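The lines below spell out each chain.
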Amino acid sequence: PVVLGGLSPEIFMKHNICASLGAYPAKTCHEAMRLASHSSEPLFGKISTSHVQLCPQNFGQLTDAVVDDLMTLYPDTRFRLHANARVQEQLQIVDLADWFDRPDFFASLATISKRLNAPAYSLHAGQRSKLPLAKLFDAAKAAAELFGCPVGIEGHYPTAHGKFFLDSWSEYEQLARSGAHFALDLSHIKILAHKSGEVRHDLLCDMVASDRCLEIHLSDNDGSGDQHRQLVEPPWWWSLLDMAHADAVLFTEGNQVRH
């Protein structure tokens with residue numbers, strides 16, 4: 001893919017790059033927060049904890065007591081849930097495509113999200129065999145009503161059997177036009193660009209600048225798969241961040257344990 005532009009210092013003036021606790025796999029949320037408070041990446045330096053995602057990669061159930069303690073310990077942090085965060089005793093594998101089949105799980109998520117006073121929630125689109133794409137967009141809007149905050153759909157990238165929604169440029173364009181909120185994972189976009197041999201520059205610019213872009217997820221890979229590497233050199237999509245909507249939160253998913 002062609003580089004979109006040079007590195008711009010305005011990125012750091014407009015946006016902090018915040019912690020996704022999924023970058024600390026197998027750590028409890030408390031352990032991950034202690035690490036995140038002192039973490040950095042080679043490309044952009046210190047990671048912010050002004051906004052933090054609580055993720056399924058973290059160990060332990062997110063009970064009322066756990067989230068209350070996190071909010072007490074970190075009063076300046078706005079916490080939010082991501083994906084199938086462990087809000088029930090057992091970890092559940094649930095995506096937005098399961099919306100109509102798993103009301104119990106989404107009710108549990110919404111309860112914890114409201115307790116966090118979370119400004120948003122995001123989750124992966126999921127498997128296309130479960131419902132039509134239009135219904136997926138309807139599910140995100142229904143979830144926003146349940147959660148009492150915007151719910152963003154995170155797209156996928158091409159896989160061997162094409163079983164996931166939002167794994168092509170055409171479906172990303174449908175997402176952009178759907179009216180639904182979304183989370184744009186630029187690591188996933190790098191894989192899509194590599195495997196399709198195409199970059200939809202205009203579409204990406206429109207999506208990062210959209211007021212429906214709740215989150216932008218950052219990490220690095222070699223284009224073959226989602227490797228969650230830390231960012232060392234500016235990837236070809238880096239200058240897109242100059243155009244990010246002022247309300248979009250940037251989260252790094254670069255693995256801090258592996259390094």
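Now for a quick tour of the structure. (Residues numbered from 1 in each chain as written. Predicted model: local features only at pLDDT ≥ 70, side-chain atom pairs only at ≥ 80, totals over all residues. Heavy atoms only, no water.)

All right, on to the overall build of the protein chain then. Along the backbone of the protein chain there are eight helices and 10 strands. Here the C-alpha atoms of the protein chain give a radius of gyration of 17 Å, agreeing with the 18 Å that 2.2 N^0.38 yields for 259 residues. In terms of overall dimensions, the protein chain has C-alpha extents of about 50 × 45 × 30 Å along its principal axes. Per-residue burial for the protein chain yields a buried fraction of 54% across its 259 residues. Here the contacts in the protein chain between residues at least 6 apart in sequence split such that 80% fall between residues at least 24 apart. If you sum the accessible surface of the protein chain, you get close to 10900 Å²; carbon and sulfur atoms cover 51% of it. Charge separation in the protein chain, taken as the distance between the mean sites of 22 positive and 31 negative side-chain charges, equals 3 Å. (Helix = DSSP H or I, 4+ residues; strand = E, 2+ residues; numbered from the N terminus. Rg over C-alpha atoms; globule rule 2.2 N^0.38 Å. Buried < 20%, exposed > 50% of the residue type's maximum accessible area, 1.4 Å probe, protein only. Contact = heavy atoms within 4.5 Å. Areas by Shrake-Rupley, 256 points an atom, 1.4 Å probe, with all protein chains shown as cover. Lys, Arg positive; Asp, Glu negative; His and termini not counted. Charge placed at Lys NZ, Arg CZ, Asp CG, Glu CD.)

Leu54, Leu81, Ile153 and Ile216 are the most contacted members of the largest nonpolar core, which has 77 residues in total. The leading source of residues in this core is helix H5 (residues 133-147), at seven residues. Beyond its immediate stretch of four places on either side in the chain, Leu54 contacts Leu21, Cys29, Leu62, Leu70, Phe79, Arg80, Leu81, His82, Ala85 and Leu116. (Core = buried A, V, L, I, M, F, W, Y, C linked by side-chain atoms within 4.5 Å.)

A few words now on the sheet that holds strand S9 (residues 213-218). Taken in spatial order, the eight strands line up as S5-S4-S1-S10-S9-S8-S7-S6 in an open sheet, and their pairing is parallel. Every other strand in the sheet has two partners, leaving strand S5 (78-81) and strand S6 (121-124) as the edge strands with one partner each. Direction aside, neighbouring strands of the sheet carry axes that sit 30 degrees apart on average. Bridge count between strand S4 (residues 48-54) and S5: four bridges; the pairing is parallel. Note that in S5 the partner of Leu54 across the bridge is Leu81. Taken strand by strand, H5 contacts S6 and strand S7 (151-154), and its axis lies near 145 degrees from that of S7. (Pairing = 2+ DSSP bridges. Axes fitted to C-alpha atoms, helices over the stretch in contact; angles between N-to-C directions.)

What follows concerns the pattern of salt bridges. One pass over the full model with this rule turns up 11 salt bridges. In this structure, Arg102 engages Asp104 in a salt bridge whose closest nitrogen and oxygen atoms are separated by 3.1 Å. Between Arg128 and Glu171 there is a salt bridge; the shortest N-O distance is 2.9 Å. On the criterion of sequence distance, the pair formed by Arg128 in the loop between S6 and H5 and Glu171 in helix H6 (residues 169-177) is long-range, its members being 43 residues apart. (Salt bridge = Lys/Arg side-chain N within 4 Å of Asp/Glu carboxyl O.)

Positionally, Asp95 belongs in the loop between S5 and helix H4 (103-115). There is no salt bridge for the buried Asp95, and the closest opposite charge comes from Lys130, which lies 6.1 Å off by N-O distance.

Every buried residue belonging to H6 is among Trp169, Glu171, Tyr172, Leu175 and Ala176, and all of these are buried. Taken down its axis, H6 places every buried residue within 160 degrees of arc, on the same side. On the buried face of H6, the contacting elements are H5, S7, strand S8 (181-185), helix H7 (186-196) and helix H8 (201-209). Phi turns positive, to about 90 degrees, at Gly179, one or two residues after H6. (Arc of directions from axis to C-beta.)

Taken by themselves, the reported measurements are silent on function.
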